Amino acid sequence: MASRPAWTVRNGKVIVEYFEFAWNGGFAVVQKQKNITALHEQITEKYHEKALEVSSKSMEELGRNIGAFSLKRNGVYIENIFQAAKKYENGGPFADLLEAAPREAKRDERHLNSGKLTAFVMDGVEWPLNPMTAFYDYVYIKALTEQYGENLDLGAYAWFTDIEFNPKKSINCQARSAAIYQLLQKEACFDKVESMQEWIAFHKVHICG
């Protein structure tokens, strides 16, 4: 058995819930999609609501298109923007990673040998590490609105998942970010991403998982 998170919007907040399902081992896409199906079946069984897988493994084109390795902001993949913005005790940010392939930017060895992560730096602005996912979520939302505007139709979905995300190994998740987009859309408050201070204040109150 495996346990994986899914995010939804409830009462003006993004919340997370974990669902258990029988895990299908293996690295093939078909195996990962079996796990997506199993996870979504658990969500549907409990809530009678539909989930969208947000990743390159999604069986729906929309889920693939709004994944972190597909979205761009100002022509740059958001994965590159995120990795290039990292500032460490002994190095960074690494602007050259904006030009790398997204997966290469993520795996760059400097992330491992530059000491402790201290901040994110983008467009000359230094972002704090807390709330922990605020910077990544900000970059994702800005890219999604640049590419699709504020009216992307996610209305058919109440839950968002990312089968590749393991909360024991990672913090940021594109499925959480997609749920935040839906919250901003429902609450008509995309203005909250216009400044770092407003975004951080909003994030602290409305993102609960």
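Residues numbered from 1 in each chain as written. Predicted model: local features only at pLDDT ≥ 70, side-chain atom pairs only at ≥ 80, totals over all residues. Heavy atoms only, no water.

Next up on the list: the packing of aromatic side chains. Within this structure, the stated rule accounts for 14 aromatic pairs. The interplanar angle of 65° and the centroid separation of 5.4 Å between the aromatic rings of Trp127 and Phe135 together place this pair among those described as edge-to-face. In this structure, Trp127 and Phe135 share a single accessibility class: buried. Within the aromatic cluster, the residues linked to one another by ring pairs are Phe82, Phe120, Trp127, Phe135, Tyr136 and Tyr138. Directly above the aromatic system of Tyr47 lies the positively charged group of Arg10, at a separation of 5.7 Å from the ring centroid. Its end group placed over the ring of Phe94, Arg110 keeps NZ or CZ at 4.4 Å from the ring centre. (Phe/Tyr/Trp six-rings, centres within 6.5 Å; stacked < 30°, edge-to-face > 60°. Buried < 20%, exposed > 50% of the residue type's maximum accessible area, 1.4 Å probe, protein only. Lys NZ or Arg CZ within 6 Å of the ring centre and 35° of its normal.)

Turning our attention to the pattern of salt bridges. What the rule picks out here adds up to nine salt bridges. The shortest N-O distance in the salt bridge between Glu164 and Lys57 comes to 3.1 Å. Note that Glu164 is positioned in the loop between strand 9 (159-161) and helix 7 (174-187) and Lys57 in the loop between strand 3 (51-53) and helix 2 (61-65), a separation of 107 residues in sequence. You can call Lys57 buried: its relative accessible area is 13%. Put simply, Lys32, Lys57 and Glu164 are held in one network by salt bridges that share partners. (Salt bridge = Lys/Arg side-chain N within 4 Å of Asp/Glu carboxyl O. Helix = DSSP H or I, 4+ residues; strand = E, 2+ residues; numbered from the N terminus.)

The subject of this paragraph is the pairing of strand 1 (residues 2-10). With seven of its nine residues buried, strand 1 lies for the most part within the structure. In terms of strand pairing, strand 1 meets strand 2 (residues 13-21) through nine bridges, oriented antiparallel. The partner of Ala6 across the bridge, within strand 2, is Glu17. Hairpin connection from strand 1 to strand 2: two residues lie between these consecutive antiparallel strands, with Asn11 at a positive phi of about 55°. Taken together, the two bridges between strand 1 and strand 9 define a ladder with antiparallel strand orientation. Note on strand 9: the bridge partner recorded for Thr8 is Trp159. (Pairing = 2+ DSSP bridges.)

This part takes up helix 8 (residues 196-206). Turning to helix 8, its buried residues are Met196, Trp199, Ile200, Phe202 and His203. Summarising the axial view, the buried residues of helix 8 lie within an arc of 165°, below the 170-degree limit, and thus occupy one face. Facing away from the buried side of helix 8 by more than 90 degrees, the exposed set consists of Gln197 and Lys204. Against the buried residues of helix 8 lie strand 8 (125-127), helix 6 (134-148) and helix 7. (Arc of directions from axis to C-beta. Contact = heavy atoms within 4.5 Å.)

Bringing the side chain of Glu17 into the picture now. Along the chain, Glu17 turns up in strand 2. Given a relative accessible area of 17%, Glu17 falls into the buried group. Engagement of the side chain of Glu17 in a polar contact is seen with the side chain of Lys46, the distance being 2.5 Å. The contact partners of Glu17, leaving out residues within four places of it in the chain, are Arg4, Pro5, Ala6, Lys46, Tyr47 and Trp159. (Polar contact = N/O pair within 3.5 Å; in protein donor to acceptor, adjacent residues only side chain to side chain.)

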